[in-house]
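# Commentary on secondary and tertiary structure
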Amino acid sequence: MSHCSKDALTDLFGWFLQVLLASLAFTCLILKRFCEPTVERRPWLIWFYDTSKQGMGALVIHLANVFLASNYQGDPCTWYIINFLLDSSVGLLILYIGIRFCQYLSRAKHWDAINFGEYGKPPSPQAWLIQCALYVLLMIVVKTSITLLMMLDFWDSVQQFILSPFSDPRIEVALVMLIIPFFVNALMFWVTDNFLMRKQTTRRKESLLQRARFRYRKIRREKKEDSESETLISADEELIGSGEAGQTRLSNLTVT
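Residues numbered from 1 in each chain as written. Predicted model: local features only at pLDDT ≥ 70, side-chain atom pairs only at ≥ 80, totals over all residues. Heavy atoms only, no water.

Looking now at a nonpolar patch on the surface. Taken together, the side chains of Val-60, Leu-137, Ile-140 and Val-141 make up a nonpolar region of the molecular surface, amounting to roughly 300 Å² of accessible area. In terms of residue count, helix α4 (residues 125–149) provides more of the nonpolar patch than any other element does, three residues in total. (Patch = residues over 30% accessible without salt bridge, like charges linked within 9 Å, V, L, I, M, F, W, Y side chains within 5 Å. Areas by Shrake-Rupley, 256 points an atom, 1.4 Å probe, with all protein chains shown as cover. Salt bridge = Lys/Arg side-chain N within 4 Å of Asp/Glu carboxyl O. Helix = DSSP H or I, 4+ residues; strand = E, 2+ residues; numbered from the N terminus.)

In structure tokens:
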């Protein structure tokens, strides 16, 4: 059975699929921005700061996977997809823990620059660069952990089983470099973007609190206006009543 060759991931067809995958993944992040509620939608600059970190981290992971897959013994396509799926599952968990740990440090040590999604007002390019470097570092930790996990012996059996029904090398390359990564990346990028857009979560809470306060003040103002109206009506009724009583007494005196 024919499988993809050693240079299948790095030939012209392989690079074309990689560029196409990157374009589709980036399009998913643009779509995600337009799916956000209008009042909570991030400005383009903040969106770029959030998503560019993912782009740099994904590029590091992708190049590492291509390099490692080409240096394993056997079919590089199967080794690539095994690495990719581990990065998208176990690696995502490690990344989540790393992001939450950085956010904890930012609150405990008052290191605002490492609080993912917070760039200051106005947004600071320096904070963005620091978060980019930190995110890439986290991705290197992820890739190192996955590489150590790949040293277990049972992956050889998985490598022999996976994609065995496919005999056409080009279909195999398209499957592992475009079709499977597209759907997995779309989900992974969407989830990771929610991890990174911390400022948007804070803004949403502030927006809900402001709306609650506005509604509370409106209710108080309406009650106050109703109370004042009732007081004025009561005063008018008393004046009218006293006027009628005075006229009655005057009439009685006149008759007498």
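Now for the nonpolar core. Counting 40 residues, the largest nonpolar core has Tyr-80, Leu-95, Ile-99, Phe-116 and Met-150 as the members making the most contacts within it. Elements supplying a minimum of two residues to this core: α1 (12–35), α2 (44–71), α3 (76–109), α4 and α6 (169–196). Considering every element that reaches this core, the biggest residue donor is α3, with 12 residues. Once residues within four sequence positions are removed from consideration, Tyr-80 is found in contact with Leu-9, His-62, Asn-65, Val-66, Ala-69, Val-176 and Met-177. (Core = buried A, V, L, I, M, F, W, Y, C linked by side-chain atoms within 4.5 Å. Buried < 20%, exposed > 50% of the residue type's maximum accessible area, 1.4 Å probe, protein only. Contact = heavy atoms within 4.5 Å.)

On to unusual backbone geometry. Residue Pro-122 follows Lys-121 across a cis peptide bond; omega there is -5°. Checked against the element boundaries, Pro-122 lands in the loop between α3 and α4.

Further remarks concern the packing of aromatic side chains. Two descriptors summarise a pair of aromatic rings, namely the distance from one centre to the other and the angle between the planes of the rings. Evaluation of the coordinates by the stated rule reveals 10 aromatic pairs. Ring geometry for Phe-34 against Trp-44: centres 5.8 Å apart, planes inclined by 70°, an arrangement best described as edge-to-face. Remark: Trp-44 occurs in helix α2 and Phe-34 occurs in helix α1; sequence separation between them is 10 residues. On the basis of relative accessible area, Phe-34 is assigned to the partly exposed category, the value being 46%. Take Trp-44: its relative accessible area is 44%, and that puts it in the partly exposed class. Look at Tyr-49 and Tyr-119: their rings are 5.0 Å apart centre to centre, the planes differ by 65°, and that puts the pair in the edge-to-face class. With a gap of 70 residues between them, Tyr-49 in helix α2 and Tyr-119 in the loop between α3 and α4 connect regions that are remote in the sequence. Given the relative accessible area of 6%, Tyr-49 is considered buried. (Phe/Tyr/Trp six-rings, centres within 6.5 Å; stacked < 30°, edge-to-face > 60°.)

Here α6 is 28 residues long and its end C-alpha atoms lie 38 Å apart, about the 40 Å a rise of 1.5 Å per residue gives. Its maximal kink placed at Pro-181, α6 deviates by approximately 45°. (Expected span 1.5 Å × (residues − 1). Bend = angle between axes of the 7 residues up to and from the residue.)

As a further point, take the side chain of Ser-106. Structurally, Ser-106 can be placed in helix α3. The contacts of Ser-106, once residues within four sequence positions are left out, are Trp-111, Asp-112, Ile-114 and Asn-115.

Further remarks concern the confidence of the model for the protein chain. Looking at the protein chain, pLDDT values average 78 and 74% of them are 70 or higher. α4 holds the highest mean pLDDT among the elements of the protein chain, 92, whereas helix α7 (residues 198–255) holds the lowest, 59. (pLDDT = per-residue confidence, 0-100.)

Side chains of residues three or four places apart in an α-helix project in the same direction, reflecting 3.6 residues per turn. With 24 residues, α1 ought to run about 34 Å at 1.5 Å a step, and its terminal C-alpha atoms sit 35 Å apart, in line with that. Along its buried surface, α1 packs onto α2 and α6.

So, about the environment of Leu-93. Position of Leu-93 relative to the elements: it lies in helix α3. Classification of Leu-93 as exposed rests on a relative accessible area of 51%. The sequence separation of Leu-93 and Val-142 amounts to 49 residues, and the corresponding C-alpha distance is 9.2 Å.

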